[in-house]
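In case you want the letters, here they are:
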Amino acid sequence: MDRVALRTLVEEKARNLGFALVGVTAARETTRRAALERWIADGKHGEMAWLAERVADMADVRRLLRGARSVISVADRYHDGRPDCLREGRGRIARYARGKDYHDLIRDRLRKLGRAVRDAAPGCQTRLTGDIHPIL
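As the structure is a prediction and not an experimental result, all values here were calculated from the model.

Parameters and conventions
- Numbering of residues starts from 1 in every chain and runs along the sequence as written.
- Per-residue local features are limited, in this predicted model, to residues with pLDDT of at least 70; the limit for side-chain atom pairs, both in listing and counting, is 80 or more; totals at the level of whole chains, interfaces and linings are taken over all residues.
- As a rule here, side-chain values cover all heavy atoms of the structure and leave hydrogens and water aside.
- Each axis is a line fitted through C-alpha atoms, taken for helices only over the stretch in contact, and angles between the N-to-C directions span 0 to 180 degrees.
- Under the DSSP-based scheme used, a helix requires at least four consecutive residues in state H or I and a strand at least two consecutive residues in state E, with every element numbered from the N terminus.
- For classification, angles of less than 35 degrees are called roughly parallel, those exceeding 145 degrees roughly antiparallel, those between 65 and 115 degrees roughly perpendicular, and all remaining angles oblique.
- By the definition used in this description, the sense in which the near helix is turned from the far one sets the handedness, with an anticlockwise turn below a right angle giving left-handed and a clockwise turn giving right-handed.
- Note on contacts: a residue pair qualifies if any of its non-hydrogen atoms lie within 4.5 Å across the two residues.
- One speaks of a salt bridge when a side-chain nitrogen belonging to Lys or Arg is within 4 Å of a carboxyl oxygen belonging to Asp or Glu.
- Three labels apply to residues, based on accessible area from a 1.4 Å probe with only protein chains included: buried if under 20% of the type maximum, exposed if over 50%, partly exposed otherwise in between.
- In this context, the arc is that of the directions from the helix axis out to the C-beta atoms.

Peer 1: Before we go on, may I ask you to explain the packing of helix H1 (residues 3-16) against helix H5 (residues 102-120) in this structure?
Peer 2: How two helices pack is summed up by the angle between their axes together with the distance between the axes. Remark: H1 packs on H5, axes separated minimally by 10 Å, with the N-to-C direction vectors making an angle of 155 degrees. Between H1 and H5, the angle falls in the class roughly antiparallel. For the element pair H1 and H5, the recorded crossing hand is right-handed. Of the residues in H5, those in contact with Leu-6, Leu-9, Val-10, Lys-13 and Ala-14 of H1 are Lys-112, Leu-113, Ala-116, Val-117 and Ala-120.

Shown next, in the form of structure tokens:
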């Protein structure tokens, strides 16, 4: 399968799996590494010390999957159509915390997307990641 056909397949499969957005780009080191390092140096990562330990992996996706040539990025909506849950004097419950754990929901769909890619391009490897392995 050629690259254009594979990209089209990825985009259609992602949409069919319910993702709100999908994009495909070349796997390469980010141009934003210095900004990430400044952000961490300024302490903006709070108590998430693990972020400072993973800068190299976050800056270059090819460290997570050697030989990676492309990155498929997806986005989803938290909003389920119900009104915000306002609690008098307490604030509101974040949209991502209202239903099933979004990690589980997205992981299952990403596995299906990865399987479709591997079926369409035998020999291709995939690795799913999310906010526990953020990449730029």
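Peer 1: Any chance you could explain the pattern of salt bridges here in plain terms?
Peer 2: Pairing is possible between side chains that carry opposite charge, provided their charged atoms lie close to one another. Tallied over the full model, the rule gives seven salt bridges. Two residues, Arg-109 and Asp-76, come together in a salt bridge whose shortest N-O distance is 2.2 Å. Here the residue Arg-109 occupies a position in helix H5, and Asp-76 occupies one in the loop between strand E2 (70-75) and strand E3 (86-87), the gap between them amounting to 33 residues. Residue class for Arg-109 comes out buried when judged on its relative accessible area of 16%. Connected through salt bridges with shared partners, the residues Glu-29, Arg-33 and Glu-37 form a single ionic network.

Peer 1: Can you walk me through helix H2 (residues 33-41) in this structure?
Peer 2: Structural remark: α-helix, 3.6 residues per turn; residues separated by three or four positions point the same way. For H2, the complete set of buried residues consists of Ala-35, Leu-36 and Ile-40. Taken end-on, H2 shows its buried residues confined to a sector of 135 degrees, consistent with a single buried face. Turned more than 90 degrees off the buried face of H2, the exposed positions are Arg-38 and Ala-41. Residues of H2 that are buried in the fold lie against helix H3 (49-53) and helix H4 (55-59). Positive backbone phi, approximately 75 degrees, marks Gly-43, located one or two places after H2.

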